[in-house]
Amino acid sequence: MNRDRGARRIPAALATLVLGLAVAHVLLDDDALSVEVSEASILLVFAAVLAFVALRVGRERLDATRASRVAVTSLAAGLGVGGLATVFVAARIVAGEPITEAWFVLSIGWSLGSSAGGLVGYYVERVRAERAEQARLTGRLTVLQRVLRHNIRNEVGVIRGVASSAVETTDDPALESDLRTVVEHVDRVHELAEKAQTLTDLWNTDGAVETDLAAVTRDQVQRFRRQHPALDIDTAIPDRATAVAHPAAGVAVRETLDNAAVHNDDTVAVSVSVVSAGGWTTVEVVDDGTSVPKEEIDSIDALRESPLQHVTGLGLWVIYWVVDLSGGRLEIENREAGGVRVRMRFPSAESEPTLGPERADPSERERTSHDAPV
């Protein structure tokens with residue numbers, strides 16, 4: 001404890017020393033008082049900077065190691081800049097050139113270096129502390145997420161198995177209906193756990209890579225057609241549309257298509273287009289079904305949730321984070337004619353557009369057959 005306290009006092013001692021230099025300059029030099037005070041004010045600024053560092057180090061109770069690093073950085077910078085000032089003064093003397101108040105020049109050099117070094121050292125320690133705290137939180141959240149996902153998966157499996165078995169054996173229509181409701185909600189819990197894992201994987205994967213979004217989108221459309229053969233889907237996808245995107249770009253396209261199917265019936269029409277223009281490669285998915293509740297769009301825009309403003313499920317958050325981690329832009333809007341338009345804009349890796357005007361509105365397009373090539 002004493003070692004910690006002593007280390008935290010070093011910036012305060014340096015501030016006091018610089019303040020002493022300012023006072024000595026006013027008392028010992030022979031210039032007019034106004035001139036001396038004006039010159040000393042430079043040292044007072046440096047003393048104030050060191051006092052600020054001392055105050056923050058004390059309030060945040062930096063341990064001896066961190067406080068010592070701040071002090072070492074301050075002293076090293078002071079010696080460095082002070083050394084340069086010493087070289088300057090020595091060069092003037094050797095050259096026989098006049099120099100006034102050499103000691104004041106040396107004081108300015110040392111004080112400037114010490115105050116700048118102390119300030120830099122303090123903020124470096126803050127960044128280190130924040131990174132260490134982020135690493136601790138990430139580790140805790142990762143452990144918590146894995147434990148919860150594992151246990152939820154096991155418990156959900158048991159509940160679903162028992163409920164499904166009971167559905168097959170009961171002769172009571174009302175009980176059968178209740179049990180099917182239980183199975184449906186259990187499946188939703190399982191889906192939430194899986195998407196929570198998807199979000200964790202997204203956040204743990206750094207960097208965007210050059211990606212052919214046309215190929216990615218075609219693959220997801222083909223998967224979507226296999227899973228939902230009754231739905232009408234129109235496409236306008238070029239042979240190639242290169243962009244800089246997160247490796248999970250396909251997950252975002254899949255979630256967007258799945259949302260159109262899950263929240264609508266088999267009469268919904270879906271349109272998918274990929275366009276490169278203006279430095280962006282845009283994947284647009286439009287449906288003519290139901291709208292997204294305004295509070296869900298507001299939650300995505302505000303990047304927060306509350307009891308009154310939240311997103312149902314995690315699908316929209318998966319889409320948002322894929323686009324955000326790609327350095328792109330996500331636009332979700334409800335169409336006046338009904339349905340939703342989702343635009344995922346990714347930084348384009350090509351300067352020229354690869355596709356003409358997009359066909360994004362199911363009500364204004366010529367629909368293709370379900371088995372038409374993508």
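See the structure above.
Q: Can you walk me through the environment of Leu 316 in this structure?
A: Mapped onto the fold, Leu 316 is located in helix α10 (residues 315–325). Judged by relative accessible area, which is 10%, Leu 316 ranks as buried. Separated by 64 residues in sequence, Leu 316 and Ala 252 place their C-alpha atoms 8.7 Å apart.

Q: Help me understand the pattern of salt bridges in this model?
A: In a structure, side chains of opposite charge can pair up when their charged atoms sit close to one another. Summed over all chains, the structure comprises 16 salt bridges. With its nearest N and O atoms 2.8 Å apart, the salt bridge here joins Arg 69 to Glu 125. Taken together, the residues span a long stretch of sequence, with Arg 69 in helix α4 (residues 64–94) and Glu 125 in helix α5 (residues 102–169) at a distance of 56 residues. For Arg 69, a relative accessible area of 33% corresponds to the partly exposed category. According to the relative accessible area criterion, Glu 125 is buried, its value standing at 2%. Across the pair Glu 130 and Arg 126 runs a salt bridge, and its minimum N-O distance is 3.8 Å. One end of the pair is Glu 130 and the other is Arg 126, both in helix α5 and four residues apart, which spans about a single turn. Here the salt bridges share partners, and the residues they tie into one network are Glu 284, Glu 331, Glu 333, Arg 341, Arg 343 and Arg 345.

Q: What exactly am I supposed to notice about the packing of aromatic side chains here?
A: To describe a pair of aromatic rings, one takes the distance between the centres and the angle between the planes. Counted under the stated rule, the structure contains five aromatic pairs. Taking the centre distance of 6.2 Å and the plane angle of 85° together, the rings of Phe 52 and Tyr 122 count as edge-to-face. Separated by 70 residues along the polypeptide, Phe 52 in helix α3 (residues 33–59) and Tyr 122 in helix α5 bring together distant segments of the chain. Take Phe 52: its relative accessible area is 32%, and that puts it in the partly exposed class. A ring pair is formed by Tyr 122 and Tyr 123, whose centres lie 4.9 Å apart and whose planes are at 65°; its orientation type is edge-to-face. The buried category is assigned to Tyr 122, whose relative accessible area is 1%. In this structure Tyr 123 comes out as partly exposed when scored by relative accessible area, which is 38%. Each member of the aromatic cluster is reached from another via a ring pair, and the members are Phe 52, Tyr 122 and Tyr 123.

Q: I keep staring at the packing of helix α2 (residues 10–28) against α3 and nothing clicks. Help me out?
A: A pair of packed helices can be characterised by two numbers: the angle between their axes and the separation between those axes. For the pair α2 and α3, interaxial distance at closest approach is 8 Å and the crossing angle is 175°. Between α2 and α3, the angle is such that the two are roughly antiparallel. A per-class count over the contact of α2 with α3 returns 21 nonpolar, one polar and two charged.

Q: What's the story with the sheet that holds strand β5 (residues 280–287) in this structure? I'm lost.
A: Strand-to-strand pairing in sheets goes through backbone hydrogen bonds, with the strands running parallel or antiparallel. Spatially, the five strands line up as an open sheet ordered β2-β4-β5-β7-β6, and their pairing is mixed. Where the open sheet ends on each side, the last strands, each with one partner, are β2 (232–236) and β6 (329–334). Across the sheet, the mean angle separating the axes of adjacent strands is 10° when strand polarity is ignored. Where β6 lies against strand β7 (residues 340–347), six bridges are found, and the strand directions are antiparallel. Bridge pairing in β7 places Ile 332 opposite Val 342. Taken strand by strand, helix α7 (residues 213–227) contacts β2, β4 (269–277), β5 and β7, and its axis lies near 170° from that of β2. Relative to the sheet, α10 contacts β6 and β7, its axis offset from that of β6 by approximately 145°.

How each quantity is defined
Residues numbered from 1 in each chain as written. Predicted model: local features only at pLDDT ≥ 70, side-chain atom pairs only at ≥ 80, totals over all residues. Heavy atoms only, no water. Helix = DSSP H or I, 4+ residues; strand = E, 2+ residues; numbered from the N terminus. Buried < 20%, exposed > 50% of the residue type's maximum accessible area, 1.4 Å probe, protein only. Salt bridge = Lys/Arg side-chain N within 4 Å of Asp/Glu carboxyl O. Phe/Tyr/Trp six-rings, centres within 6.5 Å; stacked < 30°, edge-to-face > 60°. Axes fitted to C-alpha atoms, helices over the stretch in contact; angles between N-to-C directions. Parallel < 35°, antiparallel > 145°, perpendicular 65-115°, else oblique. Nonpolar A, V, L, I, M, F, W, Y, C, P; charged D, E, K, R; others polar. Pairing = 2+ DSSP bridges. Contact = heavy atoms within 4.5 Å.

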